[in-house]
Every structure is written in C-alpha cells, then in structure tokens.
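# An overview of the molecular structure
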Amino acid sequence: MPEQHDPFSRFHNLSDPATQDFARAAHAETLARFAGDEAFRTLRDDIAQAMRDERQIPFCQEHRARMYHFYQSEDFPKGVYRVCSAASYRAGLPDWEVLFSVADFDEILGDDVYLDGVSHYVEQPLRVLLSLSAVGGDAAYTLEFDLAGRRIVENGFHFPAGKNHIAWRDENSVWVCPAWDDRQLTESGYPREVWLLERGQAFSDGLPVLQVAENWMMANAWRYLDGLGSPVDLIEAAEGFFTKDYYQVLPDNSTVKLKLPRDCDIVGYTAGQLLVQLREPWQRANQNYPAGALVAVKLNKGVLGEAALLFEPSDTQAVDSVETTKRFIAVSLLDNVKGRLKAWKWTGKTWEEQSLPELPEGALEITDQPWGGDVLYLAADDFTTPLTLFALDLHVNELSVLRRQPEQFVSDGIKVQQLWAESADGTRIPYFHVGLTAAPDTPTLVYAYGGFGEPEPPHYPESIGRHWLEQGNAFVVANVRGGGEFKHWHAAAQGRHKHRSADDLLAVVRDLAARGMSSPERIAVQGGSNGGLVAAAAFVREPQSIGALVCEVPLTDMLAYAGLSAGASWIDEYGDPADPAMRPHLAALSPYHNLSDGRNYPPALITTSLSDDRVHPAHALKFYAKLRGFGASAWLYAPDGGGHTGNGTQEDTAAELACVLCFLNQTIGRKTADNRRTERNCGENRTTPLVGKIGRVLICRTLRRIRPSEKQKNAAAESDSKLQANRLQCRPFRVSTPTPPAARLKLRT
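Just so you know, these numbers come straight off a predicted model, no measurement behind them. (Residues numbered from 1 in each chain as written. Predicted model: local features only at pLDDT ≥ 70, side-chain atom pairs only at ≥ 80, totals over all residues. Heavy atoms only, no water.)

### Here we look at helix α12 (residues 650–667)
Here is the rule: Where helices and strands are cited, they refer to DSSP runs of H or I of at least four residues and of E of at least two residues respectively, numbered from the N terminus. Helix span is expected to be 1.5 Å times the residue number reduced by one. For the exposure calls, accessible area comes from a 1.4 Å probe over protein chains only, and a residue counts as buried if that area is under 20% of its type's maximum, exposed if over 50%, partly exposed in between.
Look at α12: 26 Å from first C-alpha to last across 18 residues, which is about the 26 Å you get at 1.5 Å a residue. Across the 18 residues that make up α12, a large majority, 16, are buried.

So, in structure tokens, the structure goes:
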C-alpha cells in the first residue's frame, strides 16, 4: 500500500488547544447522543450503586494479622485506605478503621491524584510507599507514609511524579528507577537508571548502580525476601518487552549478569532458587528445558547452579501466575482455558508436588499471600457463578471459604458453551458463548484481547450479566491468538503474524453467524488497548461481518505507534515500523491506514482519555476523525481524566459503562434493527440491588476492567519487598491480568 500524507497527524500534539477542543467537542456530542436521557441516568446510577454495595468482597493485603483494603464510596469518591483485624474479617464482621483518605493528597501535592498502589515494607508493614497517580495516568508521585501515625514521613522517601519504579530494599533504603526528568528516560518513556538510595540521602547523593541504553525499554530493580534463606536483589535491564538481561546485586553493590535466556521471566525466588518461566526451549549442559516450562534454578553470588523442572505445560495448558509461600511454590495455570492450581513443597533437597483440595473450575486467581506463612488467598468464579474467596493453607492442606459474592444477575436458563472456530490458516480458535438464546436475531457482544501473552479465562460477567445477558442478549469471549491461553498461543500472533489475532476474531464472528447463533447486523466486537487494535483491524477488514464496534483506548496507527507515548516499548510485540522488512506487515495490519472512503462501516464507539500517557490518545482521535470524514456513524468518548486504565471515581466508571451499553442497545439491540440511529433504548429502570465492582469489573475500561481498584491497588502495584519487575505497566493496557501480588505487575498495553 503506498503511504500517504497523514491529515490528522496534528493530533499527536496533545498540548495544542485545537486538539483538546476537538476531543472535548466530540465527547460532548457523544454524551448528548447516548447520555442525555433518563434511561442513561438510571442505568448509570444502578451501576454506581452496585459498585458501592457493601456486600461485595473486599480484597485485601494481609500483614501481621491485619487486613488492608482500598475502599471507595459515595462519601469517598477517591477512596480511603482502611484496615481491620484478620479475625474480624474472617468472622464476616470487619472492624474497619480508616488510615488515610486519598482526596487529602490533592492539596498536599497540588494535583488531582488517585491511588495507584500501596507498597508495605513487609517486615514493618506500618511503613508504606504510596503511589499517587496524576489525573489517573501512569505517571505517579511516591510518598512514604506512616500508617501508625497516619502521617507523611518527614524527610522520608518522597519522589516527584513520573513513571518511576520505587521498591523497598530494607527499612532504610529503596531501589529507585527515576522517571521524573527527560534525561532519565528511555525512548519508551520509562526509567533507564537504577539507583540505591539510603534514608536521609538526597537523590543526588544516592548510589548509581546500572544504566541501560536510551534505545532500550527500561531498567527496574527490586528485592525478593526468602522465607527459607537470605534476600536477593535483582535488576532487570530490558532491551524490549520480552528481551532482557537479569543481574544480581551483590552485598558490595556490584552487579553480576545472570546466564539466563534473554526471553525468560524471573517470576519468584525461594529457598535460594530463582523461579524462571521460559518462552523458548533452554538447553543447559546436558539438559533441555521446554518452552513454557517453569524451572527452579539455584543462585549463589551471581552464579547459577542446579536446575529443577517443576512444570511443563501440555499443548492445551499455560502457566498463568506463580506465587511463593514460606515452604511452597504455587502455580495458577490454565488447562483448556480453565483455571487449575498446582503446588510444590521444598523438602530441603528437592521439590515435591503436593495433592491439593479440589477447587472450582473456571477462572482461578491468587489474590494475596501473607508474608511468613503458607496461606494463599484464592478467587474463583465462572460465567454464571459469582466469585468466591478461599483461604488455602498449604502447610495443612486445608481449604476454607471466606466470602461468597451474592448473585448479580439471574442466571437461570443462561447457557455457557465452549465452541471452536476455524481461522484463516486452519487453526482452531476456542471461544465461550454465554446467553439465554442463540438465534440469528440475538444481539451478541464479542470481546477479544489477544496480546502480550495475557489470557482471558471465564470470569463472572457482573454488570454485563445484569444489563446485557438478562435482556436475552449474548456475550462471547474469543480466546484469539496473541493471548496466553496456551503455551504457544502468544508467539503464534506476534510481530509479522499479529494479523492472526484479527483473523481469529473474524473467524469467531463468522462462526457465530454460520451456526445461526447471531447474524452480522447483531454482532458487536469489542476490545481495549491491544484488544482495541484487534477489534478495529477486524472491523476495517470485514465491516460487512459486524454490526458495531466498541474500541476502547486503542492502538490504530501502527506505522506511527513506536513514536507515540510508550509505543517503543511494544516493538517486541508488534515489530518495528522503521524496519523495511516489517513495515509492510504493520501497514497491512494498521486499522487507521486501511480505512477507505466508499465502504459502509457499521457504527463505532471509540474511547480514550486525554490523560492517557501509555497509549497516545491520537490513536483514537485519528481513527474517529477519519471514520467521520468518510461519513460513518462514529462516536468518541474522551474524558480528560482516568488515564489508560480508567483510574478515577466509581461515578466515572459507571458513566462510561452506561454509555457503552446505551450505544450497544441503539446499534445492535433487538428493537433497533431498522432504526438504530434514532431510537434510544438504554435498558429498563431496575431497582433490585446489583453487586458490581468487586475487585474485577469487566475486560477493559468499561466492559471488563477485571482487576480494578480493590485487588489491583492492594495486592498489586509494586507489592511488597518481594516485588517482581513491574512488567505489566508498560504494555498498552493493564486489562485483565490477575495482578498476582508478587509476580507480574502492570506493564503491558
């Protein structure tokens, strides 16, 4: 395809008042169309009420028999951080005590901030590092806070706003990867330096430990505690998202590069052994370790010793997350896209696999692991079963139920099927279909993500259940390639093969119509961030197969993406547009460049946030503007705040979800086949209480933000001293990663 002048490149400049005016005018037009009547307000208020329902499970971090929880309500729209005793929590009568209110930091910092993370120093958990996001974006302030005194620590560890990585080393020192000055940044906009800062030191007096090249992705450092031995300090020097070097920092603060594969991930440390997850086979001495495997490798002063193969996934399996306790390793894995748990105990010489109590099938997540013991907190649910919070004591092999979420919608008669579609290259693609009916006139929302090796297991659909499935509509999760559902699934749609993600989504859409379970005019495709790219690519390629598009915080310009915001960090995923061999593949994939005048595009709702500092808002603005220029029914939802992850108030989240649902009802709803541009049918006025945001809403900023404030802000963001590399924050969207407390954190799109 010959490259043409980009008529909307002006939107790359977000500081231009004309760009801001354009976005705000388009946003106002969308609100007037979909959010201007009583039906919208009723729907929005019902969703907000659900988020504030006191029956929802409070996901916590446990430290020394105290349960710490982030809580939002109508009285505290920005939220408070609170604590109760573990005994009262387990008894179901938590004696909550508020430790601080997030809104109080607005005046202190002179900015509009939202809580992005609380990192307890595990051995003295009343001392924490607060990460406070500016306008909901990825750039955040760091403050050291004393929970006992309920005050900011005087002359403590405080850092300006930036995409910094700050992690406890011990009570009196922190690892600092600074990103508040342009000179500290890589081309991706992430830290390129690692410093060790002692208490009382000015930053300029700290110890510089390592620096990566400016054209690398980032540097990060953290400490793993070891319940069976001494702690270890590690540095990740990432050339790309999946290409990196690991270093051990020795007691004299010198570094030793570890002889590990450059595409592996360190996912834990215990009993003096690194836990390494492989992407490709690893030949070491006379032993070959297969792709996808989990391996425990002894570490001694930068030298790797004996290795043990813990788990080798089959072709239908994949490791999802890894957690360590004092004596055990626990692995949450997917088996045919359904969750399972495995565990191994260290005997002093070898790792022995353990028999575990039976857990429900469906989605399974490790939500917390209190330091110093062998207890895991697990969350389990599926498409029709609300979430249950379990405590599993691996030491005595005892499983107990702590909380059960009330039903949020009537699931009687709703059928769940796992079906398979054949993609363009003959690969069979699994998808879940959930609904009361499956007929040609059934409005069907098809969600896909398909990137960065992140899976989409069968989660309880919460608000979608109440406001979509109960009305007789259907919901589909397409497990397209690029995700992490199977061990080979990600690499199959990476780089020049990224188009396969869209191939697979279209295969699912066509399969639904071929089976008579819906029809093109009744099918909406939806995705956020990387998923927005996948959905938009399918929409542009085959508009005749789709009735509507919901495209949230997307990438759409794949020829310019590497130069926009954090785009350079995703070259490992998509390929480099500056590479002449790769550029034609990206041009063929790029939704923005493949829009053409004269085609009949179905209605599209495109969302972004003007404070999104991960995926540049220009992707959404340009795609919307070009569609509108061709006369398509395109709409833009673009609030000022929220950043990439929708980090805002419950009211903000409810309003966006209500707008999306109104758009779907107007475009593919049962009553709108012939007059989809005029009728407003945003749903019934319902008064039955709905439990909504229970630590996971739905995938993306509105429909499925599965790990929002409760679990994410407590069990994740820079969680504790045994934090692993903050990898999930750099990918375009922190969509649906379970945020295991001491493993992968927030780095993808």
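### Here we look at the sheet that holds strand β2 (residues 66–71)
We apply this condition: Criterion used throughout: strands pair if DSSP finds at least two bridges between them. To define axes, lines are fitted to C-alpha atoms, for helices over the stretch in contact only, and angles between the resulting N-to-C directions are given on a 0 to 180 degree scale.
A sheet is described by the order of its strands in space; here 4 strands give the open sequence β1-β2-β3-β4, paired in antiparallel fashion. At either margin of the open sheet sits one strand with a lone partner, and together these are β1 (61–63) and β4 (97–101). When the angles between neighbouring strand axes are averaged without regard to direction, this sheet yields 25°.

### Details of the packing of aromatic side chains
Each aromatic ring pair is summarised here by two numbers: the centre-to-centre distance and the angle between the ring planes. Applied cut-off: Pairing of aromatic rings covers Phe, Tyr and Trp, the last counted by its six-membered ring, and requires centre-to-centre distances within 6.5 Å; plane angles under 30 degrees mean stacked, over 60 mean edge-to-face, and any other angle means tilted. Working rule: Lys NZ or Arg CZ, within 6 Å of ring centre, within 35 degrees of ring normal, means a charge sits over the ring.
Taken as a whole and assessed by the stated rule, the structure comprises 29 aromatic pairs. Grouped by ring-pair contacts, the aromatic residues Tyr 68, Tyr 81, Phe 100, Phe 105 and Phe 145 constitute a single cluster. In this arrangement the basic side chain of Lys 626 is found over the ring face of Tyr 592, its NZ or CZ atom lying 4.6 Å from the centre. Over the ring of Trp 635 we find Arg 628; its NZ or CZ atom is 5.0 Å from the centre of that ring.

### Overview of the packing of helix α5 (residues 462–469) against α12
The line we're drawing: Crossing handedness is read from the near helix: turned anticlockwise from the far helix by less than a right angle, it gives a left-handed crossing, and turned clockwise, a right-handed one. Note on contacts: a residue pair is in contact if any heavy atoms of the two residues lie within 4.5 Å. In this classification, Asp, Glu, Lys and Arg are treated as charged, Ala, Val, Leu, Ile, Met, Phe, Trp, Tyr, Cys and Pro as nonpolar, and every other residue, Gly included, as polar.
It is at 11 Å that the axes of α5 and α12 come closest, and there the two elements cross at 35°. Relative to α12, the crossing made by α5 is right-handed. The segment α5 lies against α12, with Ser 463, Ile 464, His 467 and Trp 468 engaging Leu 657, Leu 661, Leu 664 and Asn 665. Residues belonging to the contact of α5 with α12 are distributed by class as follows: 5 nonpolar, 3 polar and no charged.

### A closer look at the pattern of salt bridges
Which entries qualify depends on this criterion: The term salt bridge refers to a pairing of a side-chain nitrogen on Lys or Arg with a carboxyl oxygen on Asp or Glu at a separation within 4 Å.
The tally for this structure, following the rule as stated, stands at 41 salt bridges. The shortest N-O distance in the salt bridge between Arg 44 and Glu 651 comes to 3.5 Å. Here Arg 44, found in helix α2 (residues 38–51), pairs with Glu 651, found in helix α12; they are 607 residues apart in sequence, far enough to count as distant. Residue classification places Arg 44 among the buried positions, given a relative accessible area of 18%.

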